[in-house]
Amino acid sequence: MKDYITCLSASGQLGYGTPEKSFLKGLQKKPDYIGADMGSTDPGPHFLGSGNSACGDAGIRRDLELILAGAIELSVPLIIGSAGTAGARPHVDKVVDIVEDIVKKNDYKIKMAVIYSDIKKEKVIEMYAKGRIRPLSKGVPDITEDLINSSKYIVAQMGPEPFIEALSQKVDVIIAGRSCDASIFAAYPIMKGYNKGLAMHMAKIVECASQCADPGGRDAIVGYLYKDHFVIETMKENSRCTPIGCAAHSLYEQPNPYIVYEPGGYMNLHDSKYVSGDSITTRISGSKWFNENYTLKLESAKEIGFRAISLGAIRDPILIPQIDHVCEKVKHIVEDIMCGHKTEEDYRLKFRIYGYNGVMGNLEPDKEFMPKEIFVITDVVAKTQDLAKAVCGVAKQHLLHYFYPKILATGGNLAIPFAPDVIEVGKAYEFALYHLMEIDNPLDWCRIDYKNL
Amino acid sequence: MKVVSRKSISCKGEIFLRLRDIASVIRSKNAGPFYITVDVILPDIEACKKVIESQMISRDNIARIYGMEAGNIEVITHEESNSIKLSMVRPQAAASFNDTDIYGTQQHIPILDLEIPD
């Protein structure tokens, strides 16, 4: 009898294009289940705030068609977490709609579990009042009722438990809302009684697909979990998983490479050993799991107004050295003109000057460099879309025609690449909740619907 | 184009190498929207120890370079991967109005040219 579990990770960002060849190679390894992560907070708060997905529907459909066909061919569960980028209800529902359409068109017969991770504001306020919510780390805003109420959607990253519950109902497909990345891939082996420290560590590596490989990539990756170790093998051609690469992956996107907090406890990787399996795989052992009070990570994003931007470039060598000064002057002109709108809530204006310090701001180490051309984004967030457009237009126009010392080019200061030169971007968001909520039973905090398609 | 020399020599005759010429990976990335983490991966343990001993990636020096309080920075050595990790509180949350780098991928720039005694 087989004494290990084979996990095929199809993608760390489903919807952006899962490489087909390496996924098909992964199917040949006869996985016991297929997992895919679809979301993150990395693309910013817009998606969680608005309910939109980062990937286009056509991209999501293309990837789902590929991996659903693979899972159905092998008759193994397909587990998708953080559906639709941010994993709130509208994201999950969109992915479910696309899956249902694919199932119908291909005459598949499947049982699907849909797991929602949305938490009602009233519940969060109640838990806050009980003192059971705290900021995840430094830098996170203090929690208040206003902060809780400021966001349309609040999600909680689910641990492995809801996945295990759904898998125990013998489903073919799980579409889950916001999930802790590792839970997506660790649930199946934990359910089968495998060591949780090893299962979580393996999951943590494979959730980024072949990122840990050398050379790395977006290609599928396979983990083989045994009783006391696991083996990682990339499906990418001419690539390998080295002990150093796998060890270094525990650094990636984590503040601490040895202690990794997850729902319900933490992984301790101090005693993890990474050795070459053969020339292309790595064998890992010694990773441990410790239970702690169960916490869920809450996430939300609040509206901060509406954005308008204007794009323009400067090539004039007389203006470029004066750009800081000119932008300050233009800001004052805008303040005078828009003097009916005085506070930060009314509007905020920023010139982002690329080629100069647009990326690093005050941290730019090379302050001497004089660029040949610079690119200016006039960035405005205001309380209404119209005000954002108005302020952005005033700022752009006065930058275009600012009369600076030693000016020769009295025709204008900006090369504007396209019209309209003021672009209305829509609602702007900031992250709000990024807090830990202490709970008793993780299954009380999600909702699982079952569908026979 | 300005060409930066790979080695510099102090008045006492000591030879320095730039961190970017020693390391195999220098990367930054969000660790959630409120933290940034910078990984410096060296090709072998000797190089890793050389960088640690230089004190250039000490908490205080990083605090000075990034203009933040030392209390908001952690420096962790990960010998399994010949790496040094810096984790710091983001000066502004990812994608907030003053942010310039939503994924946090370009925040390693200030340490590229740190001078490490050879």
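Whatever comes next refers back to the structure up there.
These notes cover the structure that comes with them. Remember, predicted model here, so these are calculated numbers, not experimental data.

What counts and how
Residues numbered from 1 in each chain as written. Chains lettered and ligands numbered in written order. Predicted model: local features only at pLDDT ≥ 70, side-chain atom pairs only at ≥ 80, totals over all residues. Heavy atoms only, no water. Helix = DSSP H or I, 4+ residues; strand = E, 2+ residues; numbered from the N terminus. Rg over C-alpha atoms; globule rule 2.2 N^0.38 Å. Contact = heavy atoms within 4.5 Å. Areas by Shrake-Rupley, 256 points an atom, 1.4 Å probe, with all protein chains shown as cover. Lys, Arg positive; Asp, Glu negative; His and termini not counted. Charge placed at Lys NZ, Arg CZ, Asp CG, Glu CD. Axes fitted to C-alpha atoms, helices over the stretch in contact; angles between N-to-C directions. Left-handed = near helix turned anticlockwise from the far one by under 90°. Nonpolar A, V, L, I, M, F, W, Y, C, P; charged D, E, K, R; others polar. Buried area = accessible area lost by both parts, 1.4 Å probe. Salt bridge = Lys/Arg side-chain N within 4 Å of Asp/Glu carboxyl O. Polar contact = N/O pair within 3.5 Å; in protein donor to acceptor, adjacent residues only side chain to side chain. Pairing = 2+ DSSP bridges. Parallel < 35°, antiparallel > 145°, perpendicular 65-115°, else oblique.

Let's talk about the overall build of chain B
Of regular secondary structure, chain B possesses three helices and seven strands. Ordered by position from N to C terminus, the α and β elements of chain B give β-β-α-β-β-α-α-β-β-β. Relative to the globule expectation of 13 Å for 118 residues, the C-alpha radius of gyration of chain B, 15 Å, shows essentially globular dimensions. Partitioning the intrachain contacts of chain B with sequence separation of at least 6 by distance along the chain shows that 57% fall at a separation of at least 24. For chain B, the exposed area adds up to about 5,600 Å²; of that, 51% sits on carbon and sulfur atoms. Computed over 14 positive and 16 negative side-chain charges, the separation of the two mean positions in chain B equals 5 Å.

Considering the packing of helix α8 (residues 181–191) of chain A against helix α9 (residues 196–206) of chain A
Residues and elements named next belong to chain A. Packing of α8 against α9 leaves a shortest axis separation of 8 Å and a crossing angle of 145 degrees. Here α8 and α9 pass one another in a crossing that is right-handed. On α9, the residues touching A182, F185, A186, P189 and I190 of α8 are K196, A199, M200, A203, K204 and V206. When its residues are assigned to classes, the contact of α8 with α9 shows nine nonpolar, no polar and two charged.

Examining the interface of chain B and chain A
Across the contact, 41 residues belong to chain B and 43 residues belong to chain A. Here chain B and chain A share an interface that buries about 3,500 Å² over both sides, 63% of which is from carbon and sulfur atoms. Broken down residue by residue, the surface that chain B buries against chain A is led by F34, E80 and F97 of chain B, which jointly contribute 23%. At the junction of chain B with chain A, the criterion picks out two salt bridges. A salt bridge links K29 of chain B to E253 of chain A, with the nearest nitrogen and oxygen atoms 2.5 Å apart. Inspection of the region where chain B meets chain A yields 16 residue pairs in polar contact (both at pLDDT 80 or more). Among the secondary structure elements, those contributing two or more residues to the side of chain B that touches chain A are β3 (25–30), β4 (35–41), α3 (59–66), β5 (73–78) and β6 (83–89) of chain B. When grouped by side-chain class, the residues that make up the side of chain B that touches chain A number 16 nonpolar, 17 polar and eight charged.

Some details on the sheet that holds strand β11 (residues 265–268) of chain A
All names here are of chain A. The three strands lie next to each other as β10-β11-β14, forming an open sheet whose pairing is antiparallel. Edge positions in the sheet fall to β10 (259–262) and β14 (288–291), since each of these pairs with one other strand and no more. Averaged over all adjacent pairs, the angle separating strand axes in this sheet is 25 degrees, with direction ignored. The strands that α9 touches are β10, β11 and β14; relative to β14, the one it contacts most, it runs at about 110 degrees.

A word on the packing of helix α7 (residues 160–168) of chain A against α8 of chain A
All names here are of chain A. Packing of α7 against α8 leaves a shortest axis separation of 8 Å and a crossing angle of 55 degrees. Between α7 and α8, the interaxial angle falls into the category oblique. Note that α7 runs across α8; the crossing there is right-handed. Across from P160, F163, I164, L167 and S168 in α7, the residues of α8 making contact are S183, I184, A187, Y188, I190 and M191. Tallied by class, residues from the contact of α7 with α8 come to nine nonpolar, two polar and no charged.

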